[in-house]
Amino acid sequence: GRCGPMTIRELLAEESPTLRRRLASLFSGLPDETPASPLSCAAGEVVVRQDAPCRCVYVLVEGRADASGLQPGGPSHTYSEFGPLTLFGEYEALCGANCFLAEVRARTACRFWVLAREDYFSWFFSGRDTTLSRVREVVRSLWEQARRERGYLSLDSDSRLLSFLVSWYEANAGGTACIPMTRPAIGDETGVCSRTVNRGVRALRERGFLDIQSGKIQLSHTQYLRLRAELERRLADGRAIH
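Residues numbered from 1 in each chain as written. Predicted model: local features only at pLDDT ≥ 70, side-chain atom pairs only at ≥ 80, totals over all residues. Heavy atoms only, no water.

Digging into the overall build of the protein chain
Here's step 1: Secondary structure summary: the protein chain contains nine helices and 12 strands in total.
Here's step 2: Looking at the protein chain as a whole, 45% of its 242 residues qualify as buried.
Here's step 3: In the protein chain, of all internal contacts separated by at least 6 residues, the share reaching a separation of at least 24 is 73%.
Here's step 4: Of the roughly 12600 Å² of accessible surface on the protein chain, a fraction of 52% belongs to carbon and sulfur atoms. (Helix = DSSP H or I, 4+ residues; strand = E, 2+ residues; numbered from the N terminus. Buried < 20%, exposed > 50% of the residue type's maximum accessible area, 1.4 Å probe, protein only. Contact = heavy atoms within 4.5 Å. Areas by Shrake-Rupley, 256 points an atom, 1.4 Å probe, with all protein chains shown as cover.)

This is the structure in structure tokens:
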């Protein structure tokens, strides 16, 4: 939950020495007395909703979060998973948007610092190095997102499922693990309908690429390696492309 405003100095004092140094370096140029509100979110909780008024910038201090775009009349599309020291609401501030352009959801338990937009701009323009650093970070992030989406959108639906399973295992598992997500949630992640996901899961199960445990997808490390090899073969011979 959200607590009342504190100062940057007070917030830094509560962090571990390593994280304190990283945050102090990031916010070099921001006055110590600048107010910011700490915000804690449980795994799965929506931090900001797409199209909600955007008056703040959220700084992910601890945990991992997803950003996704909700498509009118269709599934959402998850852009990426983000780690600590990511800023949400920065794009909106820089382009003058009054509403959030994407939904942000906590993938794990997360902690944020919430800065008013005017305080973000005070920091952004506090010095040439700070301004240049933030511009570079925003451009790098946008370029990486565009690169991923160009490659991902060219995949057929079966290869998108393969890509999702490989990426999930690499990010979350080791050994044997169950994917806790429902088929509709996987459809949201991959940008295809849940019926297509179900068909793809059945086909992969029949070929021994995965198992089903209590209705959830289960992957062993051996199955992950087979999935990754299959995806690499498809990409190499062009079978994964629409």
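Following the structure, the description resumes.
Considerations on the pattern of salt bridges
Here's step 1: A full pass over the atoms with the stated rule returns 14 salt bridges.
Here's step 2: The network of salt bridges with common partners includes R207, E230, R233 and R234. (Salt bridge = Lys/Arg side-chain N within 4 Å of Asp/Glu carboxyl O.)

Topic: the state of the cysteines
Here's step 1: Tallied over the full model, the rule gives zero disulfides.
Here's step 2: Looking at the unpaired C99, the closest cysteine sulfur is the one in C54, lying at 8.1 Å.
Here's step 3: C41 provides the cysteine sulfur closest to C110, a residue in no disulfide bond, and the two sulfurs are 6.7 Å apart.
Here's step 4: The exposure class of C110 is buried, given its relative accessible area of 3%. (Disulfide = S-S within 2.5 Å.)

A short note on unusual backbone geometry
Here's step 1: Unlike most non-glycine residues, L85 shows phi in positive territory, near 70°.
Here's step 2: If you trace the backbone, L85 turns up in the loop between strand 6 (76-82) and strand 7 (87-88).
Here's step 3: You will see that S214, though not glycine, has its phi angle at about 55°, which is positive.
Here's step 4: Summarising the element assignment, S214 is placed in the loop between strand 11 (211-213) and strand 12 (216-219).
Here's step 5: Residue S214 is classed as exposed on the basis of its relative accessible area, which comes to 72%.

Some thoughts on the sheet that holds strand 10 (residues 177-179)
Here's step 1: Spatially, the three strands line up as an open sheet ordered 10-12-11, and their pairing is antiparallel. Taken across any chain shown, the strands that pair with only one partner, and hence form the sheet edges, are strand 10 and strand 11. Neighbour to neighbour, the strand axes of the sheet diverge by 45° on average, direction disregarded.
Here's step 2: Across three bridges, strand 10 lies against strand 12 in antiparallel orientation. The partner of I179 across the bridge, within strand 12, is I217. (Pairing = 2+ DSSP bridges. Axes fitted to C-alpha atoms, helices over the stretch in contact; angles between N-to-C directions.)

Let's talk about the side chain of R234
Here's step 1: Mapping R234 onto the fold places it in helix 9 (residues 221-237).
Here's step 2: Exposure remark for R234: the relative accessible area of 11% places this residue in the buried category.
Here's step 3: Separated by 3.2 Å, the side chains of R234 and S159 make a polar contact. (Polar contact = N/O pair within 3.5 Å; in protein donor to acceptor, adjacent residues only side chain to side chain.)

Here we look at the packing of helix 6 (residues 157-172) against helix 8 (residues 194-206)
Here's step 1: Look at helix 6 against helix 8: their axes get within 10 Å of each other, and the N-to-C directions meet at 70°. It follows that helix 6 is roughly perpendicular to helix 8 by the angle criterion. Only T196, V197, R199, G200, V201 and L204 of helix 8 make contact with helix 6, whose side of the interface consists of S157, D158, L161, L162 and L165.
Here's step 2: Looking at the contact of helix 6 with helix 8, its residues break down into six nonpolar, three polar and two charged. (Parallel < 35°, antiparallel > 145°, perpendicular 65-115°, else oblique. Nonpolar A, V, L, I, M, F, W, Y, C, P; charged D, E, K, R; others polar.)

Considerations on the packing of aromatic side chains
Here's step 1: One pass over the full model with this rule turns up 12 aromatic pairs.
Here's step 2: For the ring pair Y120 and W123, a centre distance of 5.9 Å and an interplane angle of 70° mean the geometry is edge-to-face. With Y120 and W123 both in helix 4 (residues 117-124) and three residues apart, this pair spans about one turn of that helix. Comparing Y120 with W123 shows no difference in burial state: the two are buried.
Here's step 3: Both rings, one in Y120 and one in F124, keep their centres 5.9 Å apart while their planes meet at 40°; by these two values the pair is tilted. With Y120 and F124 both in helix 4, this residue pair falls four residues apart, about one helical turn. Neither residue differs from the other here; Y120 and F124 are each classed as buried.
Here's step 4: Taken together, the ring pairs in this structure connect F27, W113, Y120, F121, W123, F124 and F125 into an aromatic cluster.
Here's step 5: The positively charged end of R226 is found above the aromatic ring belonging to F209, 4.3 Å away from the centroid. (Phe/Tyr/Trp six-rings, centres within 6.5 Å; stacked < 30°, edge-to-face > 60°. Lys NZ or Arg CZ within 6 Å of the ring centre and 35° of its normal.)

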